[in-house]
Structures are given as structure tokens and as C-alpha cells.
Amino acid sequence: MKIVAADVNVTSPDRNFVTLKITTDEGITGLGDGTLNGRELSVASYLADHVVPLLIGRDPHRIEDTWQFLYRSAYWRRGPVTMAAIAAVDVALWDIKAKAAGMPLYQLLGGASRAGIMAYGHASGRDLPELFDSIRRHLDEGFRSIRVQTSVPGINAVYGVAAQTSVDGKRYDYEPAQRTALPVEEDWDTRAYLRHLPTVFEAVRNEFGPELPLLHDGHHRMTPIQAAKLGKALEPYDLFWLEDCTPAENQEALRLVRQHTTTPLAIGEVFNTVWDYQTLIREQLIDYVRSAVTHTGGITAMRKLLDFAAQYQIKSGIHGPTDISPVGMAAALHLDLAIHNFGIQEYMKHGPLTDEVFRQSFTFTDGYLHPGEQPGLGVELDEEAAARFPYQPAYLPFNRLQDGTVHDW
Ligand code: EZ4
Ligand code: CO
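Residues numbered from 1 in each chain as written. Chains lettered and ligands numbered in written order. Predicted model: local features only at pLDDT ≥ 70, side-chain atom pairs only at ≥ 80, totals over all residues. Heavy atoms only, no water.

For the protein, an unreviewed UniProt entry supplies the name Starvation-sensing protein RspA and the organism Plantactinospora endophytica.

Engineer: I'm lost on the site of ligand 1 in this one. Help?
Structural biologist: The environment of ligand 1 is formed by 14 residues, the closest being Asn37, Tyr159, His219, Glu269 and Asp323. His219 has a polar side-chain atom sitting 2.8 Å from an oxygen atom of ligand 1. One of the side-chain nitrogen or oxygen atoms of His319 is found 3.3 Å away from a nitrogen atom of ligand 1. Protein chains shield 95% of the accessible area of ligand 1, which is 330 Å² for the free molecule. For the shell around ligand 1, the residue count by class is four nonpolar, three polar and seven charged. (Near = heavy atom within 4 Å. Polar contact = N/O pair within 3.5 Å; in protein donor to acceptor, adjacent residues only side chain to side chain. Areas by Shrake-Rupley, 256 points an atom, 1.4 Å probe, with all protein chains shown as cover. Nonpolar A, V, L, I, M, F, W, Y, C, P; charged D, E, K, R; others polar.)

Engineer: Just to check I follow, could you spell out the sheet that holds strand S1 (residues 3–11) for this structure?
Structural biologist: Pairing between the strands of a sheet comes from backbone hydrogen bonds, and it takes one of two forms, parallel or antiparallel. Strand order in this open sheet of three strands is S1-S2-S3, and the pairing throughout is antiparallel. Each edge of the open sheet carries a strand with a single partner, namely S1 and strand S3 (29–33). Within this sheet the neighbouring strands show an average axis-to-axis angle of 20°, counted without direction. Pairing of strand S2 (residues 17–24) with S3, which is carried by five bridges, proceeds in the antiparallel orientation. Bridge pairing in S3 places Leu20 opposite Gly32. Together, S1, S2 and S3 form the strand contacts of helix H3 (residues 80–101), whose direction differs from that of S3 by roughly 145°. (Pairing = 2+ DSSP bridges. Helix = DSSP H or I, 4+ residues; strand = E, 2+ residues; numbered from the N terminus. Axes fitted to C-alpha atoms, helices over the stretch in contact; angles between N-to-C directions. Contact = heavy atoms within 4.5 Å.)

Engineer: Any chance you could explain the environment of Gln311 here in plain terms?
Structural biologist: Turning to its location among the elements, Gln311 is positioned in the loop between helix H10 (298–310) and strand S11 (315–318). Residue classification places Gln311 among the exposed residues on the basis of a relative accessible area of 62%. For Gln311 and Asn341, which are 30 residues apart along the polypeptide, the C-alpha to C-alpha distance reads 9.3 Å. (Buried < 20%, exposed > 50% of the residue type's maximum accessible area, 1.4 Å probe, protein only.)

Engineer: Help me out: how do you make sense of the packing of helix H6 (residues 190–208) against helix H7 (residues 224–234) in this one?
Structural biologist: To describe two helices that pack against each other, one gives the angle between their axes and the distance between the axes. At their nearest, the axes of H6 and H7 sit 10 Å apart, and the two run at 15° to each other. In terms of their interaxial angle, H6 and H7 are classed as roughly parallel. Where H6 crosses over H7, the handedness of that crossing is right-handed. Of the residues in H7, those touching H6 at Thr190, Tyr193, Leu194, Leu197, Pro198 and Phe201 are Gln226, Leu230, Ala233 and Leu234. Of the residues in the contact of H6 with H7, the class split is eight nonpolar, two polar and no charged. (Parallel < 35°, antiparallel > 145°, perpendicular 65-115°, else oblique. Left-handed = near helix turned anticlockwise from the far one by under 90°.)

Engineer: Whenever I open this one, the side chain of Asp336 confuses me. Can you help?
Structural biologist: One can find Asp336 in helix H11 (residues 326–338). With no salt bridge to any partner, buried Asp336 finds its closest opposite charge in Arg114, at an N-O distance of 7.1 Å. If we skip the residues at most four places from it in the chain, Asp336 touches Arg114, Ile117, Ser316, Ile318, Phe342 and Gln345. (Lys, Arg positive; Asp, Glu negative; His and termini not counted. Salt bridge = Lys/Arg side-chain N within 4 Å of Asp/Glu carboxyl O.)

Engineer: What is the right way to look at empty space enclosed by the protein in this model?
Structural biologist: Inspection of every chain in the model, using the stated rule, returns two cavities of 30 Å³ or more. Each pocket or cavity is described by its volume, and for the second largest cavity that value is around 70 Å³. Along the walls of the second largest cavity sit 13 residues, with Gln149, Val158, Tyr159, Tyr193 and Asp217 positioned nearest its centre. A class-by-class count of the residues in the lining of the second largest cavity yields six nonpolar, five polar and two charged. (1 Å grid on protein atoms, 1.4 Å probe; cavity = no way out; pocket = protein on both sides within 12 Å on 5 of 7 lines; lining within 4 Å. Points joined across faces, edges and corners; volume = space filled by probe spheres on them.)

Engineer: Which parts of the structure should I look at to understand the nonpolar core?
Structural biologist: Most often, soluble globular proteins have nonpolar side chains that are buried together. Ranked by size, the top nonpolar core spans 122 residues in total, and within it Ile22 and Leu254 carry the most contacts. It is H3 that provides the largest number of residues to this core, a total of 12 residues. Not counting chain neighbours up to four residues away, the residues in contact with Ile22 comprise Ile3, Ala5, Ala6, Ile28, Thr29, Gly30, Leu55, Val89, Ala92, Leu93 and Ile96. (Core = buried A, V, L, I, M, F, W, Y, C linked by side-chain atoms within 4.5 Å.)

Engineer: Please explain H11 as it appears in this structure.
Structural biologist: For an α-helix, the turn length of 3.6 residues means that residues three or four places apart are oriented alike. Here H11 spans 19 Å end to end across 13 residues, near enough to the 18 Å set by a 1.5 Å rise per residue. Taking burial as the measure, the 13 residues of H11 include 13 buried ones, the bulk of the element. The backbone nitrogen of Val327 has a side-chain oxygen 3.0 Å away, supplied by the residue at the start of H11, namely Ser325. (Expected span 1.5 Å × (residues − 1).)

Engineer: For this particular structure, what's the right way to read unusual backbone geometry?
Structural biologist: A negative phi angle characterises most non-glycine residues, just as the trans form characterises most peptide bonds. Despite not being glycine, Asp14 shows a phi value in the positive range, around 70°. For Gln284, which is not glycine, the phi torsion reads 55° and is therefore positive. By the secondary structure assignment, Gln284 is in the loop between helix H9 (278–282) and strand S10 (288–289). Classification of Gln284 as partly exposed rests on a relative accessible area of 42%.

Engineer: Honestly, the pairing of S1 in this entry has me stumped. Any pointers?
Structural biologist: The side chains of a regular strand alternate, first on one face of the sheet and then on the other. With eight bridges connecting them, S1 and S2 associate as antiparallel partners. Looking at the pairing, Val8 lines up with Leu20 of S2. Connecting S1 to the antiparallel partner S2 that follows it, the hairpin turn spans five residues, and Asp14 within it adopts a positive phi of roughly 70°.

Right, here's the structure in full:
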């Protein structure tokens, strides 16, 4: 087989998505997700300008060779734009291989290791009544694990709270990127957050009991000692995980957090290679790997990363926000089903327009996702529908402290 075409599609139903479609001389096509929230056009350009010309004429079955060729021949290593572009190619090639085999992709990855994929949803509220309603709604929808985010007294806009007014009026669940010409400015106060959050988890445990797995995302805002303090304060409420408690650049920060708390730690949604985890995994400083298939070089690289983690009893918690397209989600689901060290899968439902553009075969039943039995990934791109939603600039917000200092968002 030979690759005869590779086309980059940028579309904005509900939000922006970058999709690579690879076509073979046998008429089989494969899809890959290259969406990088707020920086979509950079990946589209990296693909169209530098990757597509290299793909034409190659054998689509040679996935490992193509991955190594794209990674090593660029000379410049890593980085989210490069790794998202490589992921788009890698996932499209796996889609093609599985379609050629007439099997759902998870079969080529070793077959199912479980019946379904436990997913967690995003509950949030500006106050406790609103948060409890949101948790109940998620339970009604079937979720059996729930992430909890709330507003904090004294802070106007906090990451993860869906009911905060959005500038464009279009938040369909919690989508932090907004279609504005400039990034929206939010505010932050770590001490106010540290005082408030344990009271929220105490109230949630009192209302919903001890069994429900609860998660929380610190979204990179604490120093190591603050994160250690929060982890300790949350121990009575038995979190499934505390995510991104410190900024991701410094792996050694997790040593300090780890020394002080038994709250399980998850990190990695902004990482893009196994190297970002070297210390974290080898020293067993984390419990869950949060990378997205889309931002980490695709299935080929994620499989190796998760196999490395497995040697240390560290499990998967693959990133699955709305900025991962249905194609990227499908790739995650096939991997989740096949690997042994599966932990949990993040699942935020996409908006209705996204579902018009991407036809999907996955199911969500009683809290468990399944990628379905279609050959390949099980996702089709409706290019006519996609063309109705041209790219719209959108940015993630940023934070300033009370005195005006820019803070991690
Ligand atoms: O803010 O994907 O755990 N999920 C998250 C996400 C991220 C967005 C950024 O694009 O932290 O909501
Ligand atoms: Co996160």
C-alpha cells in the first residue's frame, strides 16, 4: 500500500479541531487528531508545510518507522506542536492498519483487557447547592466517578467552573478556551483556595457518602509546599487523585509533595514525551499518567510511555477534555481497552455541532465507555459539515494575582 494524499482539515463546530486525513492507493483512509487548544493553526501549518510532503509515497503499514522518521529527521526534539503533528500521522496510520485488517483498533493493540472503560465527568458549581446539583446530574447521566471544581470566595473566575459567565456565551460544558481576540484575564489567590477547598470536599463527602470516586484538578497553581499542604488536608476525603498540583516543568517538585501526602497524584496533560516523566515514573512520584494521545506523539508513543509506567504500578488517566477531538478520544478509548494498567478516562461530552461533523461509534453506558466494533478507530469526518464551520480564533485564559503579577493558569 502507498499513501497518495494527506489533507489537513481545520473546522470549528463548537470549538476548533485539526484533523489529518491520510488516503492510500487502495482507497483506505485514516484520521488523526492534531488539535492543540489555542494554537491550532501552528499544528495545521507544521503538518501541511513540513509533514504532508514527506508522507506521499510511503507505506502506511510502517507505523514505527514513520514515527521514528518524523521524530528524528526533524532534528529539533519534542514540543507540543511537533508532537501533536506526529500524533495526527500516527493515529491516522493505526486507523488505516486496523481498517485494512477489518478489526477495531483495540484488537491490534492486544485485544480487550476489560469490558468497559471507567470514565469521569466534570461537575462544578459556584457554590455548594450548584455543585451538588451538578454532581447529581452527572450521576443521573451514569457517571460513577466525578471531578469536583468550585468557585472560591474572593476570586472572580476560577478554572473548571462551568456556570461562570463566558465572554462568548457559548460554554457548553466546561470549555476554557473562548472565541475572543485576546485571552481572557482571570484572577487567583492560592491561600484563599487552600482555605476553601477542603471545606468543599468535606461537604461533598457528607452529602454523597464515602464510596463515590472524587477527583480534583489543581491546574498548576501551587508551589510544592502548598501542594503538600493541600494533599494532606484532603486525605480524610479519600480522593481518587489530585491533578496538576504544581506547574509541570519541574519534575523534582513532586518529590517534596510525595514526602508529605498519601493523596494520589496525577500529572502530565501538558507533557509531550516520555522524557517529561522520566523522574516522575522511575522514582514513583505519581500515580496516574495524564498525557493525551493527541499531544504525545500518538498511540505508538503513548503505548511505550504507559508500558514504562506499568513497571512501577503507575496507571493511565488519559486526558480527554473537549479540546481532544472525537478522533483523539477514539484513539484513547482503543488504548484504554487494551492496556493492562488502565486507571480511568476523562470524558467531557462534545457539543452537538461536533457530533454532526464527526460520526462516532463509541458508547457510554452506566459510566463505562467503549470504542465500538467498527474497523479502525470508528470515527468518520463529514467534510461537508466541517466546511460549514470555519476556524475561529480562540484563546485559553490567563491569571493575574491581586497585585497584577501573572500567575500559572
Ligand atoms: O484546561 O484541556 O483536566 N483537564 C484540564 C483541561 C485543560 C484544557 C486546556 O486546553 O485541565 O480542562
Ligand atoms: Co487538567
